[in-house]
Amino acid sequence: MKPPRIERANTGAGLDEAIRAHQALRLRRMRMGLVSHAVVWLLLVLCSALGMLPWWVTGCYVGATALTQAVFHRIFRLHLNLGFRDPSMTFWQVFAPIPMGLWAAYFVTEPALRPVIPMLVAIPAIYAILALGTRQLLRLAGAFLVGYLLLQLAIWQREPGGFDLAHELIVLLAFIVLMVQLAVVGGFISQLRHQLHERNVDLRRTMARLNEANAELEVLAERDPLTGIYNRRRVLERLEEELERSRRGKLALSVCMLDVDHFKKVNDRHGHQAGDVVLREVATTLAATLRCTDSLGRYGGEEFLLVLPHAPLEGAREKAERVRRAVRSRRGGEDTAVTVSIGVATLRPDDTLDTLVARADAALYEAKTGGRDRVMLEPEAASAG
Ligand SMILES: Nc1nc2c(ncn2[C@@H]2O[C@H](COP(=O)(O)OP(=O)(O)OP(=O)(O)O)[C@@H](O)[C@H]2O)c(=O)[nH]1
């Protein structure tokens, strides 16, 4: 996959919609992370108010964490994070307050309270198990434990007499157990997420293939495989739809039944395949004469049905004449030149699909017996005209 295109990093212009949505989500998550920071800030303020932590340490901690939050915010705003392997920068967001928390814990005067600050700054690691893999979580746990060990060493150096080794070891052990468990659970979750992602990708691929197959099926179901125009079932369906519409709106509707003249001769002289080519070319010629509301289908072997909505009998006759001339002047080889006979019928109030088609068929028969290469109107209309 191509990396996201960034035209102007400082405005986000040119960023894809999906990336934009992800960036907004990252900023929202970051703002939610502020709540965790605020809890630690409150605790430090309380410690300072109770005289267990110098005010300047609390001030430094609050200032430094607020500054790192502002830096992350700026990075997301400028979309600089998109160049990183993990654009959410989860590892660094979770890691950043840990050294500062450990440093602040060094100044806590009440020994029993010391582990509380590192514990609180490590809490965001719980959220990180949803995003990080085992290796990154172990790295995070390792960094925390090394930092905590260094903190204990520094305190032991400062006040060797007041250092309760057994107590500190138990606290350290508890941290190790907690952190390792977090890493293991996190690894398991990230594996599940990975599998889920893979399955989603598979599912999307299968859906795309299914859609393609469905589209092909639809075409197969309604198209004549030789000519590519509607098959008999579909063109009759279209006629039924147009019948309904014309009845409701009292609109004109005509149909033309076309038959290629002496088509048997083409087959006999040039073979069935040459006959197929002629049928395809005739279909293309007919299709080229259609309006977007007209429908054309292959009714039988060398028979075609043309549905002409909004066309009264006279209009349909003119259209049929144009069609007949178009087929006649089709550029086929000398021996494969063909003509068509056409029967035209128009909708009457008491018509069904069958009676309408039957009248067009009867008119076609008249055209055939009348000498072919001609257009005939339905019997009664022809005699009336
Ligand atoms: N090549 C080809 N021929 C077809 C196809 N379907 C039907 N035919 C042929 O079309 C011919 C129709 O012949 P007839 O019904 O005798 O009609 P005609 O020769 O066109 O004569 P008139 O309709 O009376 O002008 C037959 O030879 C069929 O085999 C097709 O899909 N491909």
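Residues numbered from 1 in each chain as written. Predicted model: local features only at pLDDT ≥ 70, side-chain atom pairs only at ≥ 80, totals over all residues. Heavy atoms only, no water.

A look at the overall build of the chain
Looking only at helices and strands, the chain has 14 helices and five strands in total. Of all 385 residues assigned to the chain, the portion counted as buried reaches 40%. Considering only contacts in the chain between residues 6 or more positions apart, those separated by 24 or more positions represent 69%. In the structure as shown, the chain presents an accessible area of about 22000 Å², 61% of it carried by carbon and sulfur atoms. (Helix = DSSP H or I, 4+ residues; strand = E, 2+ residues; numbered from the N terminus. Buried < 20%, exposed > 50% of the residue type's maximum accessible area, 1.4 Å probe, protein only. Contact = heavy atoms within 4.5 Å. Areas by Shrake-Rupley, 256 points an atom, 1.4 Å probe, with all protein chains shown as cover.)

Topic: the UniProt feature "transmembrane region" (unreviewed entry) in the chain
UniProt records the feature "transmembrane region" (unreviewed entry) for residues 34-55, 90-109, 115-133, 140-157 and 169-189 in the present numbering. Each end of residues 34-55 is marked by a C-alpha atom, and these two atoms are 21 Å apart; helix forms 77% of the span and strand 0%. Span residues 140-157 is 100% helix and 0% strand, its end C-alpha atoms 26 Å apart. (UniProt positions renumbered as here; feature names shortened; annotations may be inferred.)

With respect to the site of the ligand
Around the ligand sit 17 residues, and of these His262, Phe263, Lys264, Asp276 and Arg298 come closest. Here lysine 264 contributes a backbone N or O atom positioned 2.8 Å from an oxygen atom of the ligand. At 3.1 Å from an oxygen atom of the ligand is found a side-chain nitrogen or oxygen belonging to glutamate 302. Contact with the protein chains covers 68% of the free accessible surface of the ligand, which is 660 Å². (Near = heavy atom within 4 Å. Polar contact = N/O pair within 3.5 Å; in protein donor to acceptor, adjacent residues only side chain to side chain.)

Some words on a nonpolar patch on the surface
Taken together, the side chains of Leu138, Leu173, Ile176, Val177, Val180 and Val184 present a nonpolar region at the surface, about 490 Å² in accessible area. Following the sequence through the fold, valine 180 ends up in helix 8 (residues 165-222). Under the relative-accessibility criterion, valine 180 is labelled partly exposed at 37%. (Patch = residues over 30% accessible without salt bridge, like charges linked within 9 Å, V, L, I, M, F, W, Y side chains within 5 Å. Salt bridge = Lys/Arg side-chain N within 4 Å of Asp/Glu carboxyl O.)

Remarks on a positive patch on the surface
There is a patch of like positive charges on the surface, built from Arg28, Arg29, Arg31, Arg74, Arg77 and Arg193. Where the positive patch is concerned, the elements lending two or more residues are helix 1 (17-49) and helix 2 (55-77). The dominant element in the positive patch, judged by the number of residues it contributes, is helix 1, at three residues. Tracing the chain through its elements places arginine 31 in helix 1. (Lys, Arg positive; Asp, Glu negative; His and termini not counted. Charge placed at Lys NZ, Arg CZ, Asp CG, Glu CD.)

Examining the sheet that holds strand 5 (residues 375-377)
One open sheet accounts for five strands, arranged 2-3-1-4-5; its pairing is mixed. Looking at strand neighbours, the two that pair on one side only are strand 2 (295-298) and strand 5, the edges of this open sheet. Along the sheet, successive strands turn relative to each other by an average axial angle of 20°, direction set aside. In the sheet, strand 2 pairs with strand 3 (residues 303-309) via four bridges, with the strands oriented antiparallel. Bridged to arginine 298 within strand 3 is phenylalanine 304. (Pairing = 2+ DSSP bridges. Axes fitted to C-alpha atoms, helices over the stretch in contact; angles between N-to-C directions.)

Here we look at the layout of surface pockets
In this structure, the largest pocket spans a volume of roughly 1900 Å³. Arg29, Asp86, Ser88, Thr90 and Ala131 are the residues nearest the centre of the largest pocket, which is lined by 49 residues in total. Going through the elements one at a time, helix 1, helix 2, helix 3 (90-95), helix 5 (116-122), helix 6 (124-128), helix 7 (134-158) and helix 8 are the ones with two or more residues in the lining of the largest pocket. The element best represented in the lining of the largest pocket is helix 1, accounting for twelve residues. A class-by-class count of the residues in the lining of the largest pocket yields 27 nonpolar, 14 polar and eight charged. (1 Å grid on protein atoms, 1.4 Å probe; cavity = no way out; pocket = protein on both sides within 12 Å on 5 of 7 lines; lining within 4 Å. Points joined across faces, edges and corners; volume = space filled by probe spheres on them. Nonpolar A, V, L, I, M, F, W, Y, C, P; charged D, E, K, R; others polar.)

Some details on the packing of aromatic side chains
Applying the stated criterion across every chain, the model contains ten aromatic pairs. Taking the centre distance of 5.8 Å and the plane angle of 85° together, the rings of tryptophan 92 and phenylalanine 95 count as edge-to-face. Of this pair, tryptophan 92 and phenylalanine 95 both sit in helix 3, separated by three residues, roughly a single helical turn. Of the residues examined, tryptophan 92 reaches a relative accessible area of 49% and is grouped as partly exposed. Judged by relative accessible area, which is 24%, phenylalanine 95 ranks as partly exposed. Note on tyrosine 148 and phenylalanine 175: the rings are 4.9 Å apart at their centroids and 70° apart in plane angle, and the pair reads as edge-to-face. Residue tyrosine 148 is located in helix 7, and its partner phenylalanine 175 is located in helix 8; the two are separated by 27 residues in the primary sequence. Per residue, the accessibility class of tyrosine 148 equals that of phenylalanine 175, and both read buried. Site record: aromatic cluster; members linked through ring pairs are Trp56, Trp103, Tyr106 and Phe107. The ring of tyrosine 299 carries the charged tip of arginine 232 above its face, separated from the ring centre by 4.0 Å. (Phe/Tyr/Trp six-rings, centres within 6.5 Å; stacked < 30°, edge-to-face > 60°. Lys NZ or Arg CZ within 6 Å of the ring centre and 35° of its normal.)

Thoughts on the pairing of strand 4 (residues 340-346)
Judged by how many residues are buried, strand 4 sits mostly within the fold: seven of seven residues are covered. Here strand 4 shows no split at all, with Val340, Ile342, Val344 and Thr346 on one side and Ser341, Gly343 and Ala345 on the other all buried. The pairing of strand 1 (residues 253-260) with strand 4 spans seven bridges and is antiparallel. Following the sheet pairing, aspartate 259 is matched in strand 4 by serine 341. Across three bridges, the pairing between strand 4 and strand 5 is parallel.

Examining the pattern of salt bridges
Under the defined criterion, the tally for this structure stands at 26 salt bridges. A salt bridge links lysine 264 to aspartate 268; its shortest N-O distance comes to 3.1 Å. Of this pair, lysine 264 and aspartate 268 both sit in helix 10 (residues 263-270), four residues apart, which is roughly one turn of that helix. Here lysine 264 matches aspartate 268 in class, with each residue exposed.

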